[in-house]
Amino acid sequence: MKILVVGSGGREHALIWKIAQSPKVEKIYCAPGNAGTAALAENVPISSDDIQALKKFASAKKIDLTIVGPEAPLVSGIADLFEKDGLRIFGPRQAAARIEGSKVFSKQFMVKNDIPTAQAGIFNNAKEAKDYINVMGAPVVVKADGLAAGKGVMVCKTKAEALTAVETIMEKKEFGSAGNMVVVEECLVGEEASILALTDGRSIVPLVSSQDHKRIFDEDKGPNTGGMGAYSPAPVVTDRLMEEITVNVLKPFVAGMDREGTPYKGVFYAGIMVTKQGPMVLEFNCRFGDPETQPIMMRMKSDIVPILEAVVEGKLDDRLIEWDKRASVCVVLASGGYPGKFEKGIPINGLDKIDQIEEVIVFHAGTELTGDNKVVTAGGRVLGVTALGDNIKFAIEKAYRAIGLLHFKNMHYRKDIGKKAIKH
Ligand code: AMP
Ligand code: GLY
């Protein structure tokens, strides 16, 4: 088979690493990819947002299956475009991808389908949003309706902060038309977990649980990022809780999307807050998580390609995925300054030494190859050092041992990835 993976992050490198192990696969392309994907796939210089060019490429190369990493092309309708030309693609159609593309749609969907979520108000004008905040008080969460590159959610400790958030989103239009509407919601308290599940529109196969670390600094301090590290499994998700999430979240999600007339096919990601009242949904994403996919792929023992094909063909049934029982941890090495401004083009040293440590893979994110084949930084999140260990403690130790071999100027990483899992 010929496979095309769309995207350029650690998630895409991890998917390609797993796909490359399948005996069914003869060739992998990645658009646009990074220095890590270049070792396993042929990078193609097409942006993940240029869905017309991606479709032309897939037609010309007779790609058997395209897998979409990021949300933006899905929300723009890449799946609809490919399917119209008879090209097989893994990912939901545009109408179903609204579950991530619009926080307003997502909240209304959850309410309609009795999926537990924070109490919220939905507003299309700033004055009403502010009045609501003045009544609700703080802490409170303000969310821009549309895609905002992960920056559209503001968890506000005070009323003043929340009022400023409404101004930023709705009046200053910092995220453009994504801020035409806002969701203002109750601030939930608890531990977060990520539950990803595959569905072909009817059957559901959950993946193993994981937990992200969203804030830039240790002890969850500082601004939100795309994710500074992840581990799997997440011990906060006990078997009993997983059963509850399956019944109260995963099943109503798939059934509800079908009732909307927009059946969902692909992977969906429920961001869960485990509260005293039980699991509540913070958000749904229409794709694999990043960095959650890195530890999840390291634990997947089954060949992923027939599983992805079963989703696309509507034949998922109750297909079993075999998992490594051990724990996996991914620590993200970021450019100093991220999630704010940072320098690019900095040489990365030590990648050739990683082979010394067994069962450690360095997934690339913001990296690129220079003309003379050196790896340099090219983004905020640069590398995801991912280790497998007999338990979470060993996996953490191994990941940080590997980090000791790596270096680039202004490298920043959290020292406490996985600590929450040990507490359990
Ligand atoms: P979202 O993109 O909706 O997942 O929001 C990003 C992050 O903001 C989440 O991972 C949480 O850490 C936080 N967040 C979102 N909604 C809430 C909420 N209602 N209460 C507390 N934290 C939230
Ligand atoms: N790790 C968070 C996300 O993928 O949205």
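Structure shown above.
A brief look at the structure comes next. Model, not experiment: these values are computed from the prediction.

## Observations concerning the sheet that holds strand E9 (residues 182-186)
Strand order in the open sheet formed by four strands is E6-E9-E7-E8, and the pairing between neighbours is antiparallel. Strands at the two margins of the open sheet, each flanked by one partner only, are strand E6 (120-123) and strand E8 (153-156). The sheet shows a mean angle of 15° between the axes of neighbouring strands, direction not considered. Sheet topology note: the strand E7 (residues 140-144)/E8 ladder contains four bridges and is antiparallel. If you follow Lys-143 over to E8, its bridge partner there is Val-153.

## Observations regarding the site of ligand 2
Around ligand 2, the structure places Asp-212, Lys-214, Gly-226, Tyr-269, Asn-285, Arg-287, Gly-289, Asp-290, Pro-291 and Glu-292. Between ligand 2 and the protein, one listed contact pairs an oxygen atom with a side-chain N or O atom of Arg-287 at 2.8 Å. For ligand 2, whose free accessible area comes to 200 Å², the fraction covered by protein is 90%. Residues that form the shell around ligand 2 fall into these classes: two nonpolar, three polar and five charged.

## Quick look at the site of ligand 1
The environment of ligand 1 is made up of 15 residues, and the closest members are Glu-185, Leu-188, Glu-192, Lys-214 and Glu-283. A distance of 3.3 Å separates an oxygen atom of ligand 1 from a polar atom in the side chain of Lys-103. Within the backbone of Leu-188, an N or O atom sits 2.8 Å from a nitrogen atom of ligand 1. Out of a free accessible area of 470 Å², ligand 1 has 90% covered by protein chains. Secondary structure elements with two or more residues in the shell around ligand 1: E7, E8, E9 and strand E17 (278-285).

## What about the packing of helix H7 (residues 126-136) against helix H8 (residues 159-171)?
Running from amino to carboxyl end, H7 crosses H8 at an angle of 165°, the nearest separation of the two axes being 10 Å. With respect to their mutual orientation, H7 and H8 come out roughly antiparallel. Helix-helix and strand crossings are classified by hand; for H7 and H8 the assignment is right-handed. Seen from H7, the contacting residues are Ala-126, Ala-129, Lys-130, Ile-133 and Asn-134; seen from H8, they are Lys-159, Ala-162, Leu-163, Val-166, Glu-167, Met-170 and Glu-171.

## Remarks on the environment of Glu-186
Along the chain, Glu-186 turns up in strand E9. Residue Glu-186 is classed as partly exposed on the basis of its relative accessible area, which comes to 30%. Setting aside chain neighbours within four positions, we find Glu-186 in contact with Ala-118, Gln-119, Met-136 and Val-141. At a separation of 2.8 Å, a polar atom in the side chain of Glu-186 contacts the main-chain amide nitrogen of Gln-119.

## Things to note about the packing of aromatic side chains
For the structure shown, the criterion picks out twelve aromatic pairs. Ring geometry for Tyr-338 and Phe-342: centres 6.4 Å apart, planes at 65°, overall edge-to-face. Taking relative accessible area as the criterion, Tyr-338 reaches 16% and is therefore assigned buried. Positioned above the aromatic ring of Phe-105, the side-chain terminus of Arg-98 is 4.0 Å from the ring centre. Between Arg-287 and the ring centre of Tyr-269, over which it is positioned, the NZ or CZ distance is 5.9 Å.

## What about the environment of Val-249?
Inspection of the secondary structure assignment puts Val-249 in helix H9 (residues 239-259). Taking the C-alpha atoms as reference, Val-249 lies 13 Å from Asn-285; in sequence the two are 36 residues apart. Sequence-distant contacts of Val-249, that is, excluding residues within four places in its chain, are made with Ile-115, Pro-116, Glu-244, Ala-270, Ile-272, Val-281 and Phe-284.

## Section: H7
Three- or four-residue spacings in an α-helix give side chains the same orientation, since the helix completes a turn every 3.6 residues. Ala-126, Ala-129, Lys-130 and Ile-133 are the residues of H7 that are buried. Along the long axis of H7, the arc covered by the buried residues comes to 95°, so they all point the same way. Exposed residues pointing more than 90 degrees away from the buried face of H7 are listed as Lys-127 and Val-135. On its buried face, H7 sits against E6, E7, H8 and E9.

## A few points about the sheet that holds strand E2 (residues 27-32)
One open sheet holds the five strands; their spatial order is E3-E2-E1-E4-E5, and the pairing between them is parallel. Strand pairing shows two members of the sheet lacking a second neighbour, strand E3 (42-43) and strand E5 (89-90), which therefore form its edges. Pairing analysis gives two bridges linking E2 to E3, with the strands arranged parallel. Its bridge partner lying in E3, Cys-30 is registered against Asn-43. Packed on one face of the sheet, helix H1 (residues 10-19) meets strand E1 (2-7), E2 and strand E4 (65-68) and runs near 165° to E1. Sheet contacts for helix H2 (residues 51-60): E1, E2 and E4; angle to E1, the most-contacted strand, approximately 170°.

## Quick look at the pairing of strand E15 (residues 229-232)
With burial as the criterion, each face of E15 is covered, one bearing Gly-229 and Tyr-231 and the other bearing Ala-230 and Ser-232. The pairing of strand E12 (residues 211-212) with E15 spans two bridges and is classified as antiparallel. Across the sheet, residue Gln-211 finds its bridge partner in E15, namely Tyr-231. Bridge count between E15 and strand E18 (residues 327-335): four bridges; the pairing is antiparallel. What sits directly across from Ser-232, in E18, is Ser-328.

## Some thoughts on unusual backbone geometry
Put simply, Ala-31 and Pro-32 share a cis peptide bond, and its omega is -5°. The phi dihedral of Glu-359 falls on the positive side, at around 55°, and the residue is not glycine. Tracing the backbone through its elements, the reader meets Glu-359 in the loop between E18 and strand E19 (360-364). Overall, Glu-359 belongs to the partly exposed group, its relative accessible area being 33%. Although it is not a glycine, Asn-410 sits at a positive phi angle of roughly 65°. Of note, Asn-410 is situated in the loop between helix H12 (392-403) and strand E23 (411-412). Relative accessible area serves as the criterion here: at 44%, Asn-410 is assigned to the partly exposed category.

Parameters and conventions
Residues numbered from 1 in each chain as written. Chains lettered and ligands numbered in written order. Predicted model: local features only at pLDDT ≥ 70, side-chain atom pairs only at ≥ 80, totals over all residues. Heavy atoms only, no water. Pairing = 2+ DSSP bridges. Helix = DSSP H or I, 4+ residues; strand = E, 2+ residues; numbered from the N terminus. Axes fitted to C-alpha atoms, helices over the stretch in contact; angles between N-to-C directions. Near = heavy atom within 4 Å. Polar contact = N/O pair within 3.5 Å; in protein donor to acceptor, adjacent residues only side chain to side chain. Areas by Shrake-Rupley, 256 points an atom, 1.4 Å probe, with all protein chains shown as cover. Nonpolar A, V, L, I, M, F, W, Y, C, P; charged D, E, K, R; others polar. Parallel < 35°, antiparallel > 145°, perpendicular 65-115°, else oblique. Left-handed = near helix turned anticlockwise from the far one by under 90°. Contact = heavy atoms within 4.5 Å. Buried < 20%, exposed > 50% of the residue type's maximum accessible area, 1.4 Å probe, protein only. Phe/Tyr/Trp six-rings, centres within 6.5 Å; stacked < 30°, edge-to-face > 60°. Lys NZ or Arg CZ within 6 Å of the ring centre and 35° of its normal. Arc of directions from axis to C-beta.

Remember that the coordinates give geometry; whether it matters functionally is a separate question.
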